[in-house]
Amino acid sequence: DQQVKQNSPSLSVQEGRISILNCDYTNSMFDYFLWYKKYPAEGPTFLISISSIKDKNEDGRFTVFLNKSAKHLSLHIVPSQPGDSAVYFCAAGGNEKLTFGTGTRLTIIP
Amino acid sequence: DAGVIQSPRHEVTEMGQEVTLRCKPISGHDYLFWYRQTMMRGLELLIYFNNNVPIDDSGMPEDRFSAKMPNASFSTLKIQPSEPRDSAVYFCASSLSGIEAFFGQGTRLTVV
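Note that the structure is a prediction, hence the values are computed from the model and not measured. (Residues numbered from 1 in each chain as written. Chains lettered and ligands numbered in written order. Predicted model: local features only at pLDDT ≥ 70, side-chain atom pairs only at ≥ 80, totals over all residues. Heavy atoms only, no water.)

Asker: Please give an account of the overall build of chain B that cites residues and values.
Answerer: Along the backbone of chain B there are zero helices and 11 strands. Reading the secondary structure of chain B in the N-to-C direction produces β-β-β-β-β-β-β-β-β-β-β. Here chain B has a C-alpha radius of gyration of 13 Å; the compact-globule value for 112 residues is 13 Å, and the two agree. In chain B, which comprises 112 residues, the proportion classed as buried is 48%. Expressed as a percentage of contacts within chain B between residues at least 6 apart in sequence, the contacts between residues at least 24 apart total 52%. As displayed, chain B offers around 5500 Å² of accessible surface, 51% of which is attributable to carbon and sulfur atoms. (Helix = DSSP H or I, 4+ residues; strand = E, 2+ residues; numbered from the N terminus. Rg over C-alpha atoms; globule rule 2.2 N^0.38 Å. Buried < 20%, exposed > 50% of the residue type's maximum accessible area, 1.4 Å probe, protein only. Contact = heavy atoms within 4.5 Å. Areas by Shrake-Rupley, 256 points an atom, 1.4 Å probe, with all protein chains shown as cover.)

See below:
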């Protein structure tokens with residue numbers, strides 16, 4: 001039973017445009033959410049997080065939005081750059097451990 | 001700090017053999033996690049430790065899998081006997097707070 005779902009396995013976006021990656025979760029007990037970025041042959045690296053008491057968190061080109069009533073979060077990257085091409089994992093946390101989604105492969109087209 | 005260090009980076013073994021994966025967490029981190037990455041299930045948590053004590057091993061798929069953390073700077077994940085369906089990338093991660101986790105580069109395991 002996947003508690004964290006990323007329904008789009010892949011996404012292609014033109015360089016300079018906005019990339020929007022989506023994530024849904026089922027467990028209302030999750031109280032913080034994170035996005036990780038993963039390049040081939042490397043481990044995932046932390047990108048941005050949001051607490052359940054907020055609905056938006058921004059860090060440079062990256063913004064995460066949280067809609068608790070819909071149990072949905074999204075990551076916006078604007079403008080998208082070629083170096084953003086990677087697999088992005090959504091993760092939800094509560095009680096010391098993180099539950100990850102299956103990932104979305106983002107490809108930025110020059 | 002060099003980050004989380006995993007060894008080996010790649011492991012190819014025959015079905016039925018014992019496999020041991022190793023991890024050195026970031027110094028001072030109290031939490032250590034073992035994850036497995038597959039296409040179908042993404043990053044699955046296998047087991048995690050807090051202060052060297054196993055807290056939750058509900059993700060360990062079978063009795064063939066075992067993990068230990070004899071001290072704060074070393075952990076192992078053992079599979080015995082290994083099977084082809086165990087082929088995956090195994091990640092170790094450590095954390096100061098249990099929230100943001102720092103990952104190693106992973107061990108790609110292939111069981112033939």
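Asker: Tell me about the interface of chain A and chain B, and please be specific about residues and values.
Answerer: Between chain A and chain B, the contact holds 18 residues from the first and 23 residues from the second. Overall, the association of chain A and chain B removes approximately 1600 Å² of surface from exposure, summing both partners, and the carbon and sulfur fraction of that is 54%. Contact with chain B buries surface across chain A, with E96(A), K97(A) and F100(A) losing the most and accounting together for 34% of the total. Between the two partners, chain A and chain B, sit one salt bridge. For K97(A), the salt bridge identified is with D56(B), shortest N-O distance 2.4 Å. Applying the counting rule to chain A against chain B returns four residue pairs in polar contact (both at pLDDT 80 or more). (Buried area = accessible area lost by both parts, 1.4 Å probe. Salt bridge = Lys/Arg side-chain N within 4 Å of Asp/Glu carboxyl O. Polar contact = N/O pair within 3.5 Å; in protein donor to acceptor, adjacent residues only side chain to side chain.)

Asker: Outline unusual backbone geometry, supporting the account with residue identities and numerical values.
Answerer: Between V78(A) and P79(A) the backbone carries a cis peptide bond, its omega angle lying at -10°. Inspection of the secondary structure puts P79(A) in the loop between β8 (72-77) and β9 (86-94). In the segment running from Q80(B) into P81(B), the intervening peptide bond is cis, with an omega of -5°. Positionally, P81(B) belongs in the loop between β8 (74-79) and β9 (88-95). The phi angle at K71(A) is positive, at roughly 50°, despite the residue not being glycine. When you line up the elements, K71(A) lands in the loop between β7 (62-67) and β8. Its relative accessible area of 27% is what places K71(A) among the partly exposed residues. Even without a glycine there, the phi angle at N52(B) is positive, about 75°. For N52(B), the location among the structural elements is in the loop between β5 (42-50) and β6 (53-56). Judged by relative accessible area, N52(B) falls into the partly exposed class, the value being 29%.

Asker: Explain the packing of aromatic side chains to me, and be specific about the residues and the numbers.
Answerer: Tallied over the full model, the rule gives 15 aromatic pairs over all chains. An angle of 35° between the planes, with centres 6.3 Å apart, marks the rings of F33(B) and Y35(B) as tilted. The pair F33(B) / Y35(B) is uniform in exposure class, with both members buried. Put simply, the rings of Y36(A), F46(A), F89(A), F100(A), Y31(B), F33(B), Y35(B), Y48(B), F91(B) and F103(B) pair up and form one aromatic cluster. (Phe/Tyr/Trp six-rings, centres within 6.5 Å; stacked < 30°, edge-to-face > 60°.)

Asker: Which residues make up the sheet that holds strand β1 (residues 4-5) of chain A, and what values do they have?
Answerer: Residues and elements named next belong to chain A. Read from one edge to the other, the open sheet built from five strands follows the order β1-β3-β8-β7-β6, with strand pairing classed as antiparallel. The open sheet terminates on both sides in strands that have one partner only, identified here as β1 and β6 (56-59). The pairing of β7 with β8 spans six bridges and is antiparallel. The residue of β8 that forms the bridge with F62 is I77. (Pairing = 2+ DSSP bridges.)

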